[in-house]
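Listed here are the chains, written in short residue letters.
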Amino acid sequence: MQEKLEMLLKQIQLEAEYYPLFQSGMLERIIGSKDRKNYCFRLHLDTLLPVSVYKHFVALLCKGFPTIREVSVQFTVDQVLADQIQEYFTYFMEICIAQHPILSMFQQLESKVEDHKIKLTVDSKAEAGQLVSIEPELRAQFGRLGIDDFELIITI
């Protein structure tokens, strides 16, 4: 593991049991705003973290820099598996549903993953329109994971 990344993991007090997931990782850079209120940590990993580890890591990262108003992380990953995309899609939909409760009708919506595409089938144009409205947020979330070619395909 790169020394800078190891220092970061120790600073945020990430449990040692998670270190193997970061073993071949690198802290590429830290980008801060001029007023030092926003920091973005750019990390390179071989594979995506499991969602539970990702959530824990992000929470510790934010907690580890309490004087910073906004702390974010941007990943570059070498390998992404379809089941990971599905797992993150479910998590990101939970976030969107929490922000927009009307989307709760999509909580049990079945999806299919092909490459970096999520395929969904809905019952009406209105439902399709609601999903299209959150696609930019989903793209942004997947972009932070290093998946820039994420696509949401909706059929009626």
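Here we summarise the structure given alongside this text.

What counts, and at which threshold
- Residues numbered from 1 in each chain as written.
- Predicted model: local features only at pLDDT ≥ 70, side-chain atom pairs only at ≥ 80, totals over all residues.
- Heavy atoms only, no water.
- Patch = residues over 30% accessible without salt bridge, like charges linked within 9 Å, V, L, I, M, F, W, Y side chains within 5 Å.
- Areas by Shrake-Rupley, 256 points an atom, 1.4 Å probe, with all protein chains shown as cover.
- Salt bridge = Lys/Arg side-chain N within 4 Å of Asp/Glu carboxyl O.
- Lys, Arg positive; Asp, Glu negative; His and termini not counted.
- Charge placed at Lys NZ, Arg CZ, Asp CG, Glu CD.
- Helix = DSSP H or I, 4+ residues; strand = E, 2+ residues; numbered from the N terminus.
- Buried < 20%, exposed > 50% of the residue type's maximum accessible area, 1.4 Å probe, protein only.
- Pairing = 2+ DSSP bridges.
- Axes fitted to C-alpha atoms, helices over the stretch in contact; angles between N-to-C directions.
- Core = buried A, V, L, I, M, F, W, Y, C linked by side-chain atoms within 4.5 Å.
- Contact = heavy atoms within 4.5 Å.
- Phe/Tyr/Trp six-rings, centres within 6.5 Å; stacked < 30°, edge-to-face > 60°.
- Expected span 1.5 Å × (residues − 1).

1. Structural notes on a negative patch on the surface
Part 1 of the argument: On the surface, Asp115, Asp148, Asp149 and Glu151 cluster together into a negatively charged patch.
Part 2 of the argument: Tracing the chain through its elements places Asp148 in the loop between helix H4 (125-144) and strand S6 (151-155).
Part 3 of the argument: Here Asp148 falls in the exposed class, since its relative accessible area comes to 65%.

2. Description of the side chain of Glu127
Part 1 of the argument: When you line up the elements, Glu127 lands in helix H4.
Part 2 of the argument: Here Glu127 sits buried without a salt bridge, and the closest side chain of opposite charge, Lys125, lies 13 Å off (N-O distance).

3. Here's the deal with the sheet that holds strand S4 (residues 111-114)
Part 1 of the argument: Overall, mixed pairing links the three strands, which are arranged S4-S5-S6 in an open sheet. Each edge of the open sheet carries a strand with a single partner, namely S4 and S6. Put simply, the sheet's adjacent strands are angled 25 degrees from each other on average, direction ignored.
Part 2 of the argument: Alignment of S4 against strand S5 (residues 117-121), held across four bridges, turns out to be antiparallel. Across the sheet, Ser111 pairs through a bridge with Leu120, a residue of S5.

4. Considerations on the nonpolar core
Part 1 of the argument: Core analysis: the biggest nonpolar cluster contains 49 residues, and Phe41 and Phe75 have the highest contact counts within it.
Part 2 of the argument: For this core, the secondary structure elements donating two or more residues are helix H1 (3-11), strand S2 (38-47), helix H2 (51-64), strand S3 (70-79), helix H3 (82-99), S5 and H4.
Part 3 of the argument: The residues contacting Phe41, other than those within four sequence positions of it, are Leu8, Leu27, Arg29, Ile30, Leu61, Phe65, Val71, Ser72, Val73 and Gln74.

5. A look at the packing of aromatic side chains
Part 1 of the argument: Across all of its chains, the model carries eleven aromatic pairs by this definition.
Part 2 of the argument: Here Tyr54 and Tyr91 contribute two aromatic rings whose centre-to-centre distance is 6.4 Å and whose plane-to-plane angle is 75 degrees, an arrangement assigned as edge-to-face. Taken together, the residues span a long stretch of sequence, with Tyr54 in helix H2 and Tyr91 in helix H3 at a distance of 37 residues.
Part 3 of the argument: Exposure remark for Tyr54: the relative accessible area of 8% places this residue in the buried category.
Part 4 of the argument: Looking at Tyr91, the relative accessible area reads 16%, which means it is buried.

6. Quick look at H3
Part 1 of the argument: With 18 residues, H3 should cover 26 Å at 1.5 Å per step; its first-to-last C-alpha distance of 26 Å lies within 8% of that length.
Part 2 of the argument: Along H3, the positions that sit buried rather than exposed are Gln84, Ile85, Tyr88, Phe89, Tyr91, Phe92, Met93, Cys96 and Ile97.
Part 3 of the argument: Of the surrounding elements, those touching the buried residues of H3 are H2, S3, S4, S5, H4 and S6.

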